[in-house]
Amino acid sequence: MNNSYQFSWKYLNTKEVKKDLLEALRPELTPTLSLNLKGMEIPRIDSESVVLQFSTDLVKNQVRTNAENAIVEFFKQNLPVSSSFEIKYSIKAPPQAPDNTQSIQPVTPQPTQVFASKFNSDYTFESFVCGPSNRYSYESALAVSKAPGHLMHNPLFIYGSVGLGKTHLLHAIGNFIRSTDPLKRVLLMTCEEMLNHFVQGLKSKDTGFRKWRDVDVLLVDDVQFLGGKQSFQDEFYNTYNSLAESNRQLVFAADRTPEKIDNLEERLISRFRSGILADIQLPDLETKMAITADLFQAFRVTIENDAIELIARSSSSNVRELKGVCLRLCTKASFLNKHLSREFVREHIDECVQINRPPLDPQIIMEEVANHYRITREDLLANTRKIEVAFPRQVAMYLVKEFTNLVLQQIGELFGRTHQTVMHACQKMETVFEKAAQAKAEGNFKSKDFRHAGEIQELKQILGTKYDHASTYR
Ligand code: ADP
Ligand code: MG
């Protein structure tokens, strides 16, 4: 295995690793082993070793005896780890034994002990690339962190589509305040978590969940979740008032503006709008390049500037997806022992981007294809075999196959054709690409297939840009 890259897996989401690992091992696992692995945690991973954490020695030993080889194999195959890569085991700290002295001198639990927030230490202001698309949110979040509760920025409401850094900023606020003023009680919850506590509380007639009113800073993620939850909105409203009245800081994040949240009470909308309303837009090319460059620096991988630009141009504007693409390219380069040059990126970017992509709406695809060939969407569906329409129809079928999760049968239904017709269309496109590659090798740039392949490539690029909007609706 290649050792020339020193990977720092700072950005790697270990939950994803665990998910893939379980998926890969699934066929070989007994139900007990499967259960044991589910409870496992991966607190650390780098190119030399992975730490697997279990609740007891027994579980650890079972996994060690029965699955260690398969696990090591998984890491070697899927991540750019060294040949001496090994598993280190650890046991989760047991819950604290009850302290008898407490019954003599009762201690009132601190609210943060009830809802202790763990902030992701990777999500800081330093690791957040600030550009025109997110500057306002970034600066507002920083201002909040420096003077929580100040009237100038209370509440702060951050909104923007998925994967653009809202959660990152909430954690950055938490991390910042924790480090500058450890005594401040900072609580971060998703709106859904709050709702669960609320429902549980109502069921058990225990209002302990209202401890969230005793914090200095309340950060609530994904507040679009409030939509339509009437009695929870009342609770939320009262929480809001109780905190705001005593100048505690409130920060909210959502994927849309307050008034776009379905069935949200007017009084909450106006509260949300009463402080700073900051948006995060899709990042522009420079910001995407800076994020990409930062990421590779964190991986400690050298990459050419040209290659960075190509990655930034080819990937979605969803930063989460962009990060995934970078990681895959890194892994690939490491496996193949190749340098991350522009050529390498050009060759592999498509497959790396593809894996990340959410399905597109087939109607968007048909519309783009129809526009491109200057026909209508109805023409694509019509019962004519005229070549001006038949070829674009085949292209559309192929692209629907490529850009959605629909199976041939469903695509056929969409176009009012059989699944064989769709299959034939897809095969035809593959032939076009093959012939185009041949024509290119022969320098025959006037070839019909070469032109067609170019058109389809262009369409793919156009459709690639549609993800930024489509992924919002995932
Ligand atoms: P959201 O909550 O808006 O859906 P996240 O905050 O979860 O998005 O961000 C998705 C991923 O992209 C995270 O890994 C985050 O660190 C990263 N990210 C988003 N914006 C930036 C940025 N401007 N600079 C660095 N990383 C970013
Ligand atoms: Mg989020």
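Every chain begins its residue count from 1, and numbering advances along the sequence as written. Whichever chain is written first is A, and whichever ligand is written first is 1; the rest continue in order. Predicted model: local features are reported for residues with pLDDT of at least 70 only, side-chain atom pairs are reported and counted for 80 or more only, and whole-chain, interface and lining totals are derived from all residues. Side-chain metrics in this entry use all non-hydrogen atoms of the structure; hydrogen atoms and water are not considered.

A.B. asks: What am I meant to see in the packing of helix α11 (residues 285-299) against helix α12 (residues 305-314) here?
C.D. replies: For any two helices packed against each other, one specifies the inter-axial angle together with the distance between the axes. Contact geometry of α11 with α12 gives a least axis separation of 9 Å together with a crossing angle of 120 degrees. The angle between the axes of α11 and α12 places the two elements in the oblique class. Of the two elements, α11 crosses α12, and the hand of that crossing is right-handed. Here L285, K288, M289, T292, A293 and F296 of α11 lie close against α12, whose contacting residues are I308, E309, I311, A312 and R313. To obtain an axis, a line is fitted to C-alpha atoms, over the contacting stretch when the element is a helix, and the angle between two such axes runs from 0 to 180 degrees between their N-to-C directions. To qualify as a helix, a DSSP run of H or I must reach at least 4 residues; to qualify as a strand, a run of E must reach at least 2; elements of each kind are numbered from the N terminus. Note on angle classes: values under 35 degrees are labelled roughly parallel, values over 145 roughly antiparallel, values of 65 to 115 roughly perpendicular, and the remainder oblique. By definition, turning the near helix anticlockwise from the far helix through less than a right angle yields a left-handed crossing, and turning it clockwise yields a right-handed one. In what follows, residue pairs with any heavy atoms lying within 4.5 Å of each other are defined as contacts.

A.B. asks: Teacher, can you tell me more about the site of ligand 1 here?
C.D. replies: The criterion for a residue being near a molecule or strand is simple. One of its heavy atoms has to lie within 4 Å of it. Around ligand 1 sit 17 residues in total, of which V129, G163, K166, T167 and H168 are the nearest. Contact between ligand 1 and G163: an oxygen atom at 2.6 Å from a main-chain N or O atom of the residue. Distance and chemistry together define a polar contact, namely a pair of N or O atoms within 3.5 Å, with one atom able to donate a hydrogen and the other to accept it when in protein, and with adjacent residues in sequence counting only for side-chain atoms on both sides. Side-chain polar atom of K323 to an oxygen atom of ligand 1: 2.9 Å apart, as the coordinates give it. Surface accessibility follows the Shrake-Rupley procedure with a 1.4 Å probe radius. Residue values consider only the protein chains on display as shielding. For ligand 1, whose accessible area on its own is 560 Å², the fraction buried by protein is 93%. Elements represented by at least two residues in the shell around ligand 1 include exactly α7 (166-180) and α13 (319-336). Each residue receives one of three labels: charged for Asp, Glu, Lys and Arg, nonpolar for Ala, Val, Leu, Ile, Met, Phe, Trp, Tyr, Cys and Pro, and polar for the others, Gly being one of them. Residue composition of the shell around ligand 1, by class: 7 nonpolar, 7 polar and 3 charged.

A.B. asks: Honestly, unusual backbone geometry in this entry has me stumped. Any pointers?
C.D. replies: Working note: non-glycine residues mostly have negative phi, and peptide bonds are mostly trans. In the segment running from N154 into P155, the intervening peptide bond is cis, with an omega of -5 degrees. Along the polypeptide, P155 turns up in the loop between α6 (135-146) and β4 (156-159). The backbone phi angle of K205 is positive, close to 50 degrees, even though this residue is not glycine. The topology assignment puts K205 in the loop between α8 (191-203) and β6 (217-221). Burial classes follow relative accessibility: with a 1.4 Å probe on protein chains only, a residue under 20% of its type's maximum area counts as buried, one over 50% as exposed, and anything between as partly exposed. Residue K205 is classed as exposed on the basis of its relative accessible area of 76%.

A.B. asks: So what exactly am I meant to see when it comes to the side chain of H153 here?
C.D. replies: Relative to the elements of secondary structure, H153 occurs in the loop between α6 and β4. For H153, the side chain forms a polar contact with the main-chain oxygen of A147, separated by 2.9 Å. Discounting residues that sit within four places of it in the chain, H153 has contacts with A143, V144, A147, Q249 and I276.

A.B. asks: Just checking my understanding: could you explain the state of the cysteines for this structure?
C.D. replies: A disulfide bridge is the covalent bond that connects two cysteines by way of their sulfur atoms. In this description, the term disulfide denotes a pair of cysteine sulfurs within 2.5 Å. Counted by the stated rule, this structure contains 0 disulfides. No disulfide involves C326; its sulfur sits 7.7 Å from that of C330, the nearest cysteine. The exposure class assigned to C326 is buried, which follows from its relative accessible area of 0%.

A.B. asks: Just checking my understanding: could you explain the packing of aromatic side chains for this structure?
C.D. replies: Two descriptors summarise a pair of aromatic rings, namely the distance from one centre to the other and the angle between the planes of the rings. Pairs were defined over the aromatic rings of Phe, Tyr and Trp, the Trp ring being its six-membered one, requiring ring centres within 6.5 Å. Orientation was assigned from the angle between planes: stacked under 30 degrees, edge-to-face over 60, tilted for the rest. Applying the stated criterion across every chain yields a total of 18 aromatic pairs. Ring pairing ties together the aromatic residues F157, F198, F209, W212, F232, F236, Y240, F252 and F272, which thus form one cluster. Lysine and arginine charges are scored as sitting over a ring when NZ or CZ, respectively, is within 6 Å of the ring centre and within 35 degrees of the ring normal. Directly above the ring of F225 sits K229, whose terminal nitrogen or CZ lies 4.1 Å from the centroid. Cation over ring: R267 sits above Y237, and NZ or CZ is 3.9 Å from the ring centre.

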